[in-house]
Amino acid sequence: METLLEVKGLKTYFPIKKGLFGKKAGYVKAVDDVSFSLKEGETLGLVGESGCGKSTTGRSILQLIKPTAGEILYQGHDLTKKNFREMREVRRDLQMIFQDPYSSLNSRMTIRNILLEPMRIHGLYSPREREERVKELLEVVGLRREHADRYPHEFSGGQRQRIGIARALALKPRLIIADEPVSALDVSVQAQVLNLMQDLQEQFGLTYLFIAHDLSVVKHFSTRVGVMYLGRIVELADKKSLYHSPKHPYTQSLLSAVPVLDPDDKKERILLSGDIPDPKNPPQGCAFHTRCAACMEICKSERPPLKELASNHMVACHLY
Ligand code: SF4
């Protein structure tokens, strides 16, 4: 399979300003040296607690936030070097599904206009073809053609997320960055939306970067999973290795919190001590050492690099 996206050494830092005149007082390293690749047709799940940098990674890839450093190669072309017009062209291929279906749709626009908008902006299709495409998109996401004349408030949360997905599909993209697309929905509706996204992937050969805070959400969906902690990927592996043999203590604790259906599976919950550290002032060495039960002296001073333990399994931890 062709490598569609390659992220190399991505850094996105936000300046911290202090005092009356907003003097710069350091940076929040929201994304700090993140690298991964995505092959056509696969799904990479990017998982971690709130504030770990996973959403900033997604937005930096689409250049919605300007990265501080690194390369984002889409089909070999570095997106960080593209100007506004060139980036607009690429955005036809790269779309985003947002977390909150309530606020991501313009409440004053009909569904027809919401779906027409990206096609108009990109000057695609004739007016008649656009109308046909609106109907087609609604059907493809499990809604009805007549829904085109309604407004977002007339729909349930799950239906609104279907509209968000239809809007993302309007330009026939190849890669979709889905930023917590089901976290605002009820559990029963979550499964329906996840199934829909999986069907669409098969139907249109889509590639997904699927951002979630919960490993259970990406379990059935992802080909590979990356676990992020305080701006860095601490473990990156194919799905089977990660769920059956997690190596990083942080991944182990996240996995221990995933509910299991088998009553005989008596896995022990690994509770983390303390909260996620302040990203404005991250710990020295391994950023996880303040919460890690396996912490050693070296962990407090030396940051472990992400290294390959086996083919398709990388981990950043001094235990290995
Ligand atoms: Fe724990 Fe040390 Fe590994 Fe960090 S490097 S996860 S502190 S054992």
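Above this text sits the structure in question.
Residues numbered from 1 in each chain as written. Predicted model: local features only at pLDDT ≥ 70, side-chain atom pairs only at ≥ 80, totals over all residues. Heavy atoms only, no water.

Trainee: Which parts of the structure should I look at to understand the environment of Phe 288?
Mentor: Turning to its location among the elements, Phe 288 is positioned in the loop between α9 (249-256) and β11 (307-310). Judged by its relative accessible area of 2%, Phe 288 falls in the buried class. For the pair Phe 288 and Phe 21, spaced 267 residues apart in sequence, the C-alpha separation works out to 34 Å. Aside from chain neighbours lying at most four places away, what touches Phe 288 is Tyr 229, His 248, Pro 249, Tyr 250 and Leu 272. (Helix = DSSP H or I, 4+ residues; strand = E, 2+ residues; numbered from the N terminus. Buried < 20%, exposed > 50% of the residue type's maximum accessible area, 1.4 Å probe, protein only. Contact = heavy atoms within 4.5 Å.)

Trainee: Please explain the sheet that holds strand β2 (residues 23-39) as it appears in this structure.
Mentor: Neighbouring strands of a sheet are bound in pairs by backbone hydrogen bonds; such pairs are parallel or else antiparallel. Read across the sheet, four strands follow the order β2-β1-β4-β5 without closing on themselves; strand pairing throughout is antiparallel. Every other strand in the sheet has two partners, leaving β2 and β5 (77-78) as the edge strands with one partner each. Sheet analysis places strand β1 (residues 3-18) next to β2, joined by twelve bridges and oriented antiparallel. Along β2, the bridge assignment pairs Thr 12 with Val 31. (Pairing = 2+ DSSP bridges.)

Trainee: Which parts of the structure should I look at to understand the pairing of strand β9 (residues 224-229)?
Mentor: Sheet faces and side chains relate simply in a regular strand, where the side chains alternate between the two faces. With six of six residues buried, β9 is to be regarded as a mostly interior element. Of the pairings in the sheet, the one linking β9 to strand β10 (residues 232-238) comprises six bridges and is antiparallel in character. Counted as the bridge partner of Arg 224 is Asp 238 from β10. Counting the residues between successive antiparallel strands, the hairpin from β9 to β10 contains two residues, one of them, Leu 230, with a positive phi of roughly 45 degrees.

Trainee: Before we go on, may I ask you to explain the nonpolar core in this structure?
Mentor: Most often, soluble globular proteins have nonpolar side chains that are buried together. With 58 residues, the main nonpolar core has Ile 165, Leu 169, Met 197, Phe 210, Leu 215, Val 218 and Val 225 as its most contacted residues. In contact with Phe 210, other than residues within four places in its own chain, are Thr 43, Leu 44, Gly 45, Leu 46, Ala 178, Pro 181, Leu 194, Met 197, Val 217, Val 218 and Phe 221. Formed by 27 residues, the second largest nonpolar core is a distinct cluster that contains Ile 61, Leu 62, Leu 175 and Leu 236. (Core = buried A, V, L, I, M, F, W, Y, C linked by side-chain atoms within 4.5 Å.)

Trainee: Can you walk me through the site of the ligand in this structure?
Mentor: Near the ligand, the surroundings consist of His 248, Pro 249, Cys 286, Phe 288, His 289, Cys 292, Ala 294, Cys 299, Pro 304, Cys 317, His 318 and Leu 319. A molecule is said to occupy a pocket when more than half its atoms come within 2 Å of that pocket's grid points, and by this definition the ligand occupies the largest cavity. Class assignment for the residues of the shell around the ligand results in nine nonpolar, three polar and no charged. (Near = heavy atom within 4 Å. 1 Å grid on protein atoms, 1.4 Å probe; cavity = no way out; pocket = protein on both sides within 12 Å on 5 of 7 lines; lining within 4 Å. Sits in = over half its atoms within 2 Å of the grid points. Nonpolar A, V, L, I, M, F, W, Y, C, P; charged D, E, K, R; others polar.)

Trainee: I would appreciate a short explanation of helix α4 (residues 127-140) in the present structure.
Mentor: Since there are 3.6 residues in each turn of an α-helix, residues three or four apart along the chain are aligned in direction. Look at α4: 20 Å from first C-alpha to last across 14 residues, which is about the 20 Å you get at 1.5 Å a residue. Within α4, burial applies to Arg 130, Arg 133, Val 134, Leu 137 and Leu 138. Down the axis of α4, the smallest arc covering the buried residues is 135 degrees, so these residues share one side. The secondary structure elements touched by the buried residues of α4 are α3 (111-121) and α5 (157-169). Positioned one or two residues after α4, Gly 142 has a phi angle of 85 degrees, which is positive. (Expected span 1.5 Å × (residues − 1). Arc of directions from axis to C-beta.)

Trainee: Any chance you could explain helix α6 (residues 187-204) here in plain terms?
Mentor: End to end, α6 covers 26 Å across 18 residues, agreeing with the expected 26 Å (1.5 Å per residue, within 8%). For α6, the full list of buried residues reads Gln 190, Val 193, Leu 194, Leu 196, Met 197, Leu 200 and Gln 201. The buried residues of α6 all sit within an arc of 160 degrees when viewed along its axis, so they share a single face. Along α6, the residues that are exposed and aim more than 90 degrees away from the buried face are Ser 188, Glu 202 and Gln 203. Backbone geometry just downstream of α6 places Gly 205 in the positive-phi region, at approximately 65 degrees.

Trainee: What exactly am I supposed to notice about empty space enclosed by the protein here?
Mentor: One simple way to see leftover space: roll a probe sized like a water molecule over the atoms. A complete count under the given rule lists one cavity of 30 Å³ or more for this structure. The calculated volume of the largest cavity comes to roughly 80 Å³. Considering the residues around the largest cavity, the lining is formed by 14 residues, among which Pro 249, Cys 286, Cys 292, Cys 299 and Cys 317 are closest to the centre. Class assignment for the residues of the lining of the largest cavity results in eleven nonpolar, three polar and no charged. (Points joined across faces, edges and corners; volume = space filled by probe spheres on them.)

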